[in-house]
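Now for the letters of each chain:
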Amino acid sequence: MNIQQLKTHKQSGTKITCLTAYDNAFAKIFNECGIDIILIGDSLGNVIQGDENTLSVTTEEMVYHTQSVAKGVSKALLIADMPYQSYTNAEQTLQNAQQLINGGAQMVKLEGGREHEACFKILVENNIPICGHLGLQPQSVIAMGGYKVQGKDKDSAQNILDDAKALESWGVQALVIECIPASLARKITQQLNIPTIGIGAGVDCDGQVLVSYDMLGITQNPPKFVKNFLTNGSIKSATNDFIQAVKNQTFPTDKHSY
Ligand code: KIV
């Protein structure tokens, strides 16, 4: 999988599959099952480090996990999260992104929109592929007052759409949209040429991502948008079931959407 193929998938309506991985063993399984994208998510702060949020994750930790994952992946596209406060200005953004790319990532993911214009632009100028992340932004959990659905009213929905269009115009090549109404996700997906990867954003996104520990039923009290695919069988069969369900659009259902 490469970035050009992501675009082709959007154009042909082939749904894109993405799971998080933080270590080599899980990455190898997901890669062998044919997942399109592996995201080294800063959700590792929650699921690996046991913290309440992602705010304490560092670039050094992201590089360490990216290196472990990269050694197990031959086919999937690798995206690594830039953690909290690692993109506060252009120079720092470039240095930290370069570390993740040197660690094996093919693309970096940043949360937020037009407030990070200089950070997005310096990465584009330096040919570092970027995935945006709008809607619920876990790194802004305190400012957002908790893990809440975003874009429910007209103004905030328009703000997310405007951010998405700005990111695309600057050269961002994919966009995660998290916890927004399915109708808004559909509108964003229709109005962008770059692929959208939804999580809690309905079935009409160009692809779907889940935190692997949620997909495998390990997380206690997961959010409504999560489905446990490991009800029977192995991690491999759960992964194959997730891929099939996303590809044939039987996941997510209305039950997993807002
Ligand atoms: O860190 C992460 O796992 C993520 C996903 C929730 C998209 O950003």
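Reading the values: rules and limits
- Residues numbered from 1 in each chain as written.
- Predicted model: local features only at pLDDT ≥ 70, side-chain atom pairs only at ≥ 80, totals over all residues.
- Heavy atoms only, no water.
- Near = heavy atom within 4 Å.
- Polar contact = N/O pair within 3.5 Å; in protein donor to acceptor, adjacent residues only side chain to side chain.
- Areas by Shrake-Rupley, 256 points an atom, 1.4 Å probe, with all protein chains shown as cover.
- Nonpolar A, V, L, I, M, F, W, Y, C, P; charged D, E, K, R; others polar.
- 1 Å grid on protein atoms, 1.4 Å probe; cavity = no way out; pocket = protein on both sides within 12 Å on 5 of 7 lines; lining within 4 Å.
- Points joined across faces, edges and corners; volume = space filled by probe spheres on them.
- Helix = DSSP H or I, 4+ residues; strand = E, 2+ residues; numbered from the N terminus.
- Contact = heavy atoms within 4.5 Å.
- Buried < 20%, exposed > 50% of the residue type's maximum accessible area, 1.4 Å probe, protein only.
- Pairing = 2+ DSSP bridges.
- Right-handed = clockwise from strand over helix to strand, strands pointing away.

Asks: Can you help me understand the site of the ligand in this one?
Replies: Every residue near the ligand is listed here: Thr-20, Leu-39, Gly-41, Asp-42, Ser-43, Asp-81, Lys-109, His-133, Glu-178, Ile-199 and Val-211. Asp-81 places a polar side-chain atom, nitrogen or oxygen, 3.0 Å from an oxygen atom of the ligand. Contact between the ligand and Lys-109: an oxygen atom at 2.7 Å from a side-chain N or O atom of the residue. Protein coverage of the free-state accessible area of the ligand, which is 260 Å², stands at 95%. For the shell around the ligand, the per-class residue count stands at three nonpolar, four polar and four charged.

Asks: Would you mind going over the layout of surface pockets with me for this structure?
Replies: By rolling a water-sized probe across the atoms, one finds the places where empty space is left. Approximately 540 Å³ is the volume found for the largest pocket. Taken together, 31 residues form the lining of the largest pocket, with Ser-43, Asn-46, Pro-138, Glu-178 and Val-211 sitting closest to its centre. Sorting the residues of the lining of the largest pocket by element identifies helix H3 (44-47), strand E4 (107-111), strand E6 (174-178) and strand E8 (207-210) as the ones contributing at least two each.

Asks: I keep staring at the environment of Lys-148 and nothing clicks. Help me out?
Replies: If you trace the backbone, Lys-148 turns up in the loop between strand E5 (130-135) and helix H7 (154-170). Along the primary structure Lys-148 and Leu-230 are separated by 82 residues, whereas in three dimensions their C-alpha atoms are 26 Å apart. Not counting residues up to four positions away in its chain, the partners in contact with Lys-148 are Leu-136 and Cys-179. Side-chain polar atoms of Lys-148 contact the backbone oxygen of Gly-145, separated by 3.1 Å.

Asks: So what exactly am I meant to see when it comes to the side chain of Ser-43 here?
Replies: Along the chain, the position of Ser-43 falls in the loop between strand E2 (37-40) and H3. A polar contact is formed between the side chain of Ser-43 and the side chain of Tyr-22, at a distance of 2.7 Å.

Asks: How do you make sense of empty space enclosed by the protein when you look at a structure like this?
Replies: Summed over all chains, the structure comprises two cavities of 30 Å³ or more. The space that makes up the largest cavity amounts to roughly 50 Å³. Lining the largest cavity, in full, are Cys-18, Ile-37, Leu-39, Ile-79, Lys-109, Cys-131, Val-176, Ile-197 and Val-209. Here the lining of the largest cavity is built from residues that sort into eight nonpolar, no polar and one charged. Contributing elements (two or more residues each) for the lining of the second largest cavity: strand E7 (196-199) and E8. With three residues, the single largest contributor to the lining of the second largest cavity is E8. A breakdown of the residues in the lining of the second largest cavity according to their chemical character gives seven nonpolar, four polar and no charged.

Asks: Help me understand the pairing of strand E3 (residues 77-81) in this model?
Replies: Regular strands have side chains that alternate between both faces of the sheet. Counting buried residues along E3, five of its five residues qualify, which places the element largely inside the surrounding structure. Going residue by residue along E3, you find Leu-77, Ile-79 and Asp-81 tucked away on one face and Leu-78 and Ala-80 tucked away on the opposite face as well. In this sheet, E3 lies alongside E2 in parallel orientation, the contact comprising four bridges. In the strand pairing of E3, Ile-38 is matched with Leu-78. Here E3 pairs with E4 via three bridges, running parallel. Bridged to Asp-81 within E4 is Lys-109. As a crossover connection, the stretch from E3 through helix H5 (residues 90-102) into E4 is right-handed.

Asks: Which parts of the structure should I look at to understand unusual backbone geometry?
Replies: Trans peptide bonds make up the majority, and among non-glycine residues the majority have a negative phi. In this structure, Pro-252 follows Phe-251 across a cis peptide bond, with omega equal to 0 degrees. Of note, Asn-221 is a non-glycine position whose phi angle comes to about 50 degrees, a positive value. Counting through the fold element by element, Asn-221 comes out in the loop between helix H9 (212-215) and helix H10 (235-247).

Asks: Sorry, what's going on with the pairing of E4 here?
Replies: Extensive coverage of E4 is indicated by the burial of five of its five residues. With burial as the criterion, each face of E4 is covered, one bearing Met-107, Lys-109 and Glu-111 and the other bearing Val-108 and Leu-110. Where E4 and E5 come together, four bridges link them in parallel fashion. Bridge pairing in E5 links Glu-111 to His-133. Between the parallel elements E4 and E5, the chain passes through helix H6 (residues 117-125) in a crossover that is right-handed.

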